[in-house]
Amino acid sequence: MTKFSKESDLLAPVARFVKRRGFCLQTAELPFYEYRIDLYGFSRKNDATVAIELKLNNWKRALEQTMLYQLCADLVYIAMPESSARRVDKSELEANGIGLIAVRESGSCTFVLVAKHHDEIHQPYRLSQINYLKETACA
Amino acid sequence: MPELRPTVILRMGSHSEKEYIEKTLKHFDGLMVGANLLQISPGATASLLLKLHKACKRPYFVDPMTYAFGSYFDPETGRVRDDLDWIKSEQKVPGKKGVTERKFKSSYRKLANYFGEPFSTALDRGKALTQADFSNDHVVDEACRTIIKFQAERLREVFKEDPQTASYANDLPRPGAVFAPYFYIEPNRAKHWLSLNNRLALRTTEQSKDIPVHVVVCGHMDLLTNAEHSALVVDNLLACKPAGVWLWFSRFDERVANKEQLLALRWWVEKLTTEMSVFNMHGGFFSLALSKFGMAGTMHGVGYGEQKDVVPVIGQSTPTVQYYLRSLHSRHSVLQIQRCFTQLGIKTPEDFFLKICDCAICSHIVGAGLNEFSQFGEIHYSTPKSKRAAQTPAAAKRCRYHFLLNRILERDYVEKSSLPEIADQCSRSADIWSKTVIGPASAHAKLWAEVLNSNL
């Protein structure tokens, strides 16, 4: 039995984890057409964006969503409780450049699979999301 | 098997769709309006139908919507509902600010008043009609007479009521057919409802001498594959011999149906087509393809309605109008389509026109740059208080026009293509798109190919 009972329980540990990797400008629940990206971040230093889908179990659904998030983010991850992350077919994620973050009960996180830069990025979407982040950070 | 020219009837759900109808009806084969729409806005509806008649002379039909006064099997609760709640709405109480009460919608109240007993009685008692309400043959006779009159005469009555339009009343055309009153064949009492619908169909065909009679078979999706009940309905129809039949299996969706259900729909068409015109009340490309087996046509709305539940979904926000992908004959989000560009080798607008769509709408939008495709999915916050972004009206409009233009292309494609060519197109498209993010949603096209090719 995991201590994570809802997806939002994963948000704080994952946000801290990616912040330490330079994605300091962050927002949760970022609207992207009919979707809402659970966590979206921007690293000024690396000029890179990251989109993360938090899921307790259903990694296949997460894969469908994250493949669409590649249109607006340089790096895309699925974050899951460590016990669920073990059951993910990593080859499917790897084939699509999607990364995987395991969240331990202690709140610490680890990369199970590192996301790759990909060719699906749609610059107008990416820039629009970065601008949104900057505006909300200034507000 | 009798191969027919496929036809598409557009259904107008509300007057907000008038613009689409006015601009495109000349490319389609007819128009359906619901009796509730005609009754709530009689002048506007009559004027529009006259204008359309003068412009393009397409037949129109009035769906009498009698099923709305019957009972319904609620799949959510597994219970039969007879509270008529689906034709009620929250309405302001005059003089009491902020207070509402749940009352019958004005359109259905007016419709019931026109139809008379037992429809008006059902509303007065707040309980759906049952077969017992029609136990007397005189009631059946009167109901059929009134409902034929409504469909055949209501437009002219509306014009005659207004001195300014009275002299034009006879310019209004008669409908292409009149529908017999019909009720949802609720599965728990299927035989009773089948019997009542058959009586209503028989009396209507006897009464309507000038205008062809069409019958609606409106039932639970299980009716489609229920051998005993299917045979009974088919036998009744063959004995009744209406000019046409419209099949409406509640919640049946060509794109999610299994092989048994798709084969069953084909079976219904083949059984009936030699004796009457067979239409799918809510269908899409698969129904058009069934014209190769004798389906006369299909109907849908201007941007939705290729499947419909008998009871409308209440209380949901306006759904996003998604982009119609002609090669798969299904709708997908703008993001899903865009995510396929790389995999399909779409790098320029020309690639897009070749591999996805070159209709007038897409040519205009994507012609300005591939990135402009996102215009089909534009979102905004409709009010400052909106919590969720929704599709802009302009984006929804683009998607609707794109869909309508594609539907015309699909109909014409089916007409000029052979059955093996259509099946092959479905199969090849499924193969191509199965390698993309849309993959899981392309399986229907493979199944359609199988059903169209199969020997029953």
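Computed from a prediction, not measured in an experiment: that's the story for all the values here.

### Thoughts on the nonpolar core
Next, step 1: Counting 180 residues, the largest nonpolar core has F69(B), F119(B), W246(B), W268(B), F352(B) and I356(B) as the members making the most contacts within it.
Next, step 2: In terms of residues, this core owes the most to one element, helix α6 (residues 137-161) of chain B, which gives 8 residues.
Next, step 3: By size, the runner-up hydrophobic cluster in this structure holds 20 residues, among which are L10(A), V50(A), L75(A) and A115(A).

### Some details on the pattern of salt bridges
Residues and elements named next belong to chain A.
Next, step 1: For the coordinates displayed, the defined rule picks out 46 salt bridges over all chains.
Next, step 2: Close ionic contact of E7 with K55 constitutes a salt bridge, the shortest N to O distance being 3.8 Å. With a gap of 48 residues between them, E7 in the segment before α1 (11-19) and K55 in the loop between β3 (48-54) and α2 (59-69) connect regions that are remote in the sequence.
Next, step 3: For E7, a relative accessible area of 31% translates into the label partly exposed.

### Some words on the interface of chain A and chain B
Next, step 1: Taken together, the contact between chain A and chain B spans 15 residues of the former and 17 residues of the latter.
Next, step 2: For the chain A and chain B pair, buried surface summed over both sides reaches about 1,500 Å², with 56% attributable to carbon and sulfur atoms.
Next, step 3: The largest share of the area that chain A buries against chain B comes from Y33(A), E34(A) and E120(A), three residues that together contribute 37% of it.
Next, step 4: There are 1 salt bridge connecting chain A and chain B.
Next, step 5: The salt bridge partner of E120(A) is R339(B), with a shortest N-O separation of 3.3 Å.
Next, step 6: Viewed at the interface, chain B and chain A are joined by 6 residue pairs in polar contact (both at pLDDT 80 or more).
Next, step 7: Among the secondary structure elements, those contributing two or more residues to the side of chain A that touches chain B are β1 (25-32), β2 (35-43), α2 and α5 (123-138) of chain A.
Next, step 8: The class makeup of the residues in the side of chain A that touches chain B is 9 nonpolar, 2 polar and 4 charged.

### Some details on the state of the cysteines
Residue and element names in this part refer to chain B.
Next, step 1: Inspection of the entire model under this criterion finds 0 disulfides over all chains.
Next, step 2: Here C340 is not disulfide-linked; the sulfur of C362 is the nearest cysteine sulfur, at 15 Å.
Next, step 3: C359 forms no disulfide, and the closest cysteine sulfur to it belongs to C357, at a distance of 3.6 Å.
Next, step 4: When its relative accessible area of 5% is taken as the criterion, C359 is described as buried.

### What to know about the side chain of T45(B)
Residue and element names in this part refer to chain B.
Next, step 1: One can find T45 in helix α3 (residues 42-56).
Next, step 2: For T45, the side chain forms a polar contact with the main-chain oxygen of S41, separated by 2.7 Å.
Next, step 3: Setting aside chain neighbours within four positions, we find T45 in contact with H15, L37 and L38.

### Topic: the sheet that holds strand β5 (residues 99-103) of chain A
All names here are of chain A.
Next, step 1: Spatial strand order, β1-β2-β3-β4-β5-β6: 6 strands in an open sheet with mixed pairing. The open sheet has two edge strands with one neighbour each: β1 and β6 (109-113). Strand after strand, the sheet turns through a mean of 30° between neighbouring axes, direction not considered.
Next, step 2: Bridge count between β5 and β6: 4 bridges; the pairing is antiparallel.

### Concerning the packing of aromatic side chains
Here a ring pair, both rings aromatic, is described through the centre-centre distance and the interplanar angle of the planes.
Residue and element names in this part refer to chain B.
Next, step 1: Throughout the structure, instances matching the rule amount to 37 aromatic pairs over all chains.
Next, step 2: Aromatic pair Y323 and F376: ring centres 5.0 Å apart, planes at 70°, arrangement edge-to-face. With Y323 in strand β13 (residues 323-325) and F376 in the loop between α14 (360-366) and β15 (379-380), the pair connects residues that are 53 residues apart, well separated along the chain.
Next, step 3: Residue classification places Y323 among the buried residues on the basis of a relative accessible area of 1%.
Next, step 4: A residue is classified by how much of its surface remains accessible, and F376, at 1% relative accessible area, is buried.

Procedures and definitions
Residues numbered from 1 in each chain as written. Chains lettered and ligands numbered in written order. Predicted model: local features only at pLDDT ≥ 70, side-chain atom pairs only at ≥ 80, totals over all residues. Heavy atoms only, no water. Core = buried A, V, L, I, M, F, W, Y, C linked by side-chain atoms within 4.5 Å. Buried < 20%, exposed > 50% of the residue type's maximum accessible area, 1.4 Å probe, protein only. Helix = DSSP H or I, 4+ residues; strand = E, 2+ residues; numbered from the N terminus. Salt bridge = Lys/Arg side-chain N within 4 Å of Asp/Glu carboxyl O. Contact = heavy atoms within 4.5 Å. Buried area = accessible area lost by both parts, 1.4 Å probe. Polar contact = N/O pair within 3.5 Å; in protein donor to acceptor, adjacent residues only side chain to side chain. Nonpolar A, V, L, I, M, F, W, Y, C, P; charged D, E, K, R; others polar. Disulfide = S-S within 2.5 Å. Pairing = 2+ DSSP bridges. Axes fitted to C-alpha atoms, helices over the stretch in contact; angles between N-to-C directions. Phe/Tyr/Trp six-rings, centres within 6.5 Å; stacked < 30°, edge-to-face > 60°.

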